[in-house]
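# Fold and geometry: a report
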Amino acid sequence: MTRREYARWMLAVNNKFYGGERTRKIRPGVSSSSQPVFQDVPASDPDFAAIQGLAEAGIIPSPLTGSTTTVTFRPNAPLTRKDLLLWKVPLDTRQALPEASVSAVQ
């Protein structure tokens, strides 16, 4: 599965699951009014709405969440287990993952 497919799936399933709860739904990005968050996902990309919406909601790491190193999304790259968890847990808990350090784990 590619990163774009997973992003598309996450948005669709979340919004279907929380169909009756407006506050839990994620708004898709709007290509006509949103400045693209990622350099490699232009507004003309077919999955722009899903990827942009997840980034704007703070679900996936992006410059909007304070990640200065995440400027590309790599939509056609394979989804890794790390990214699956990094995106899914914040979607379920509605809060960012805590920073991990050796001392915190010990």
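Scroll up to find the structure this text is about.
Below, the structure is looked at part by part. The structure presented is a predicted model; accordingly, all values stated were derived computationally and were not measured. (Residues numbered from 1 in each chain as written. Predicted model: local features only at pLDDT ≥ 70, side-chain atom pairs only at ≥ 80, totals over all residues. Heavy atoms only, no water.)

### So, the packing of aromatic side chains
The full count for this structure, using the stated rule, is five aromatic pairs. A ring pair is formed by Tyr-6 and Trp-87, whose centres lie 5.8 Å apart and whose planes are at 25°; its orientation type is stacked. Remark: Trp-87 occurs in helix α3 (residues 81-93) and Tyr-6 occurs in helix α1 (residues 3-17); sequence separation between them is 81 residues. There is no split in this pair, since Tyr-6 and Trp-87 are both buried. Between the aromatic rings of Phe-73 and Trp-87, the centroid separation amounts to 5.5 Å while the plane-to-plane angle is 20°, which identifies the pairing as stacked. A residue pair is termed long-range when its members are at least 10 positions apart, and Phe-73 in the loop between α2 (48-56) and α3 and Trp-87 in helix α3 qualify at 14 residues. (Phe/Tyr/Trp six-rings, centres within 6.5 Å; stacked < 30°, edge-to-face > 60°. Helix = DSSP H or I, 4+ residues; strand = E, 2+ residues; numbered from the N terminus. Buried < 20%, exposed > 50% of the residue type's maximum accessible area, 1.4 Å probe, protein only.)

### As for the packing of α1 against α2
It is the contact of α1 with α2, at a shortest axis distance of 9 Å, that shows an interaxial angle of 70°. Judged by the angle between their axes, α1 and α2 are roughly perpendicular. Between α1 and α2, the contacting residues are Arg-4, Ala-7, Arg-8, Met-10 and Leu-11 on the first element and Ala-50, Ile-51 and Leu-54 on the second. Taken together, the residues that form the contact of α1 with α2 break down as six nonpolar, no polar and two charged. (Axes fitted to C-alpha atoms, helices over the stretch in contact; angles between N-to-C directions. Parallel < 35°, antiparallel > 145°, perpendicular 65-115°, else oblique. Contact = heavy atoms within 4.5 Å. Nonpolar A, V, L, I, M, F, W, Y, C, P; charged D, E, K, R; others polar.)

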